[in-house]
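Below are the chains, spelled out letter by letter.
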Amino acid sequence: MPAGHVVQPPVGPRHVAIIMDGNGRWAQARGRPRLFGHHAGARRVREVVEACPDLGIKYLTIFAFSTENWKRTQAEVAGLMSLFRRYITRETRALAERGVRVRFIGDRVRLDAKLVALMDQLERATAENEGVQLTIALNYGSRDEVARATKRLAQDVAEGRLRPEDVDEETLPRYLDTRVLPDPDLVIRTSGEARISNFLLWQSAYAEYEFIDTLWPDFTAAELTRLCKSFGARDRRFGAVPA
Ligand code: FPP
C-alpha cells in the first residue's frame, strides 16, 4: 500500500432502488392466487423502509407498477390498484410518524382519480419529513419518463426558455420525474431475473446491480444489510482509473 494511503471504512449506498419481483411465483408455489403474493410483498415494504435509517440509506425507490404491467389480466391489475389504495390509506399515519417522506414517480394520467387523490394526500402529509425519502414508482417506465421529459424540454425550447446549445447531460435530469433525487447507488432485483425492465435507465448509469434469487415476499432486512455491506466493499470508479 502506498505511503499515506488511508484505508476508508466501507461506505454503504445512500440511494437504493429495488425491483420487487417474484410475488406471483411465491404465491403459486403455495397454491395461492397471484394477488396473495402481492399482499405478502406489500408487507415486506414496511420492513425494508424501517431498516433503512440504520443502514444509512436516505433514499429508497421501489418499483410498484410498471407501464408494461397493464398487460396483465384485468383482475390482477384491478387487484393491484386496490392494494395500492389500501396500502396508502393504511400506511399514511405510520409513514408520517416515522419521518418518512413519500413521493410517487410515473405517469398519473392513466391511474384512477381516487388513487391519485390518495397519492397526493400521502405526498402532502409527509412533505415536511426529513427521514427516509421513499419514492414509489407507480405506472412508471423509464422510456415513458424520458419521452415525457423530452416533451417538456422541447416545449421550453419552442417557447424560448431554453436554448438548444445549452442542452447538456445536466439538462435532461431536471425534467425527469426523479429531478429532486440523487442517482441510485445500488439497484437490487429479486427473484433471479437479471433484467432492468425499464427502471431508472438514465439514473442508474453508474449504479451497482445485485440480482438475487430471493422472491420479493421472502426478502428481509437481514438480506438488505448483507447487500449494503457487499456494496461497501466494492471499488466504484465511475469510469476513472485509480490515482
Ligand atoms: C412483481 O412480481 C411485482 C409487481 C408487479 C408488483 C409489486 C408490488 C408490490 C410488491 C406490492 C406492494 C407495493 C406497494 C408500494 C404497496 P410478479 O407478479 O412479476 O412476480 P412473478 O415474476 O413471480 O410473476
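Residues numbered from 1 in each chain as written. Predicted model: local features only at pLDDT ≥ 70, side-chain atom pairs only at ≥ 80, totals over all residues. Heavy atoms only, no water.

Novice: Requested: an account of the environment of Glu 145, with residues and values cited.
Specialist: Structurally, Glu 145 can be placed in helix α5 (residues 142-158). With residues up to four places along the chain from it excluded, the contact list for Glu 145 reads Tyr 140, Leu 176, Asp 177, Thr 178 and Gln 203. Here Gln 203 takes part through its side chain, which lies 3.2 Å from a polar atom of the side chain of Glu 145. (Helix = DSSP H or I, 4+ residues; strand = E, 2+ residues; numbered from the N terminus. Contact = heavy atoms within 4.5 Å. Polar contact = N/O pair within 3.5 Å; in protein donor to acceptor, adjacent residues only side chain to side chain.)

Novice: Would you mind going over the site of the ligand in detail, with residue names and values included?
Specialist: Around the ligand sit 17 residues in total, of which Asp 21, Gly 24, Arg 25, Arg 34 and Arg 72 are the nearest. A distance of 3.3 Å separates an oxygen atom of the ligand from a polar atom in the backbone of Gly 22. Asn 23 is positioned such that a nitrogen or oxygen atom in its backbone is 3.2 Å from an oxygen atom of the ligand. For the shell around the ligand, the secondary-structure elements that each account for two or more residues are α1 (23-29), α2 (34-55) and α3 (74-97). With four residues, the single largest contributor to the shell around the ligand is α2. Among the residues making up the shell around the ligand, the classes are represented as seven nonpolar, six polar and four charged. (Near = heavy atom within 4 Å. Nonpolar A, V, L, I, M, F, W, Y, C, P; charged D, E, K, R; others polar.)

Novice: Can you explain the pairing of strand β4 (residues 133-140)? Please cite residues and give values.
Specialist: Of all eight residues in β4, eight are buried; the element is thus mostly enclosed. In this structure, strand β2 (residues 59-66) lies alongside β4, joined through seven bridges in parallel fashion. When the sheet's bridge partners are listed, Ile 62 is paired in β4 with Ile 136. Relative to β4, strand β3 (residues 101-105) is paired through five bridges, and the arrangement is parallel. Bridged to Phe 104 within β4 is Ile 136. As a crossover connection, the stretch from β3 through helix α4 (residues 113-125) into β4 is left-handed. (Buried < 20%, exposed > 50% of the residue type's maximum accessible area, 1.4 Å probe, protein only. Pairing = 2+ DSSP bridges. Right-handed = clockwise from strand over helix to strand, strands pointing away.)

Novice: Residues and numbers for the packing of aromatic side chains, please.
Specialist: The relative placement of two aromatic rings is captured by the distance of their centres and the angle of their planes. The final tally for this structure, using the stated rule, is eight aromatic pairs. Here Trp 26 and Phe 36 contribute two aromatic rings whose centre-to-centre distance is 5.8 Å and whose plane-to-plane angle is 25 degrees, an arrangement assigned as stacked. On the criterion of sequence distance, the pair formed by Trp 26 in helix α1 and Phe 36 in helix α2 is long-range, its members being ten residues apart. Overall, the relative accessible area of 10% leaves Trp 26 in the buried class. Ring geometry for Trp 216 and Phe 219: centres 5.1 Å apart, planes at 20 degrees, overall stacked. For Phe 219, a relative accessible area of 0% translates into the label buried. Feature note: the residues Phe 63, Tyr 140 and Phe 199 constitute an aromatic cluster, connected by ring pairs. (Phe/Tyr/Trp six-rings, centres within 6.5 Å; stacked < 30°, edge-to-face > 60°.)

Novice: Before we move on, could you go through α2 and cite the residues and values that matter?
Specialist: Look at α2: 31 Å from first C-alpha to last across 22 residues, which is about the 32 Å you get at 1.5 Å a residue. Among all positions in α2, only Gly 37, His 38, Ala 40, Gly 41, Ala 42, Val 45, Val 48, Val 49, Ala 51 and Cys 52 are buried. In this fold, the buried residues of α2 make contact with β1 (15-19), α1, β2, α3, β4 and α6 (221-232). In the segment just after α2, Gly 56 is the residue with positive phi, at about 75 degrees. (Expected span 1.5 Å × (residues − 1).)

Novice: Describe in detail a nonpolar patch on the surface, supporting the description with residues and values.
Specialist: On the surface, Ile 196, Leu 201 and Phe 211 cluster together into a nonpolar patch covering about 230 Å² of accessible area. Overall, the relative accessible area of 36% leaves Phe 211 in the partly exposed class. (Patch = residues over 30% accessible without salt bridge, like charges linked within 9 Å, V, L, I, M, F, W, Y side chains within 5 Å. Areas by Shrake-Rupley, 256 points an atom, 1.4 Å probe, with all protein chains shown as cover. Salt bridge = Lys/Arg side-chain N within 4 Å of Asp/Glu carboxyl O.)

On their own, these measurements won't tell you what the molecule is for.
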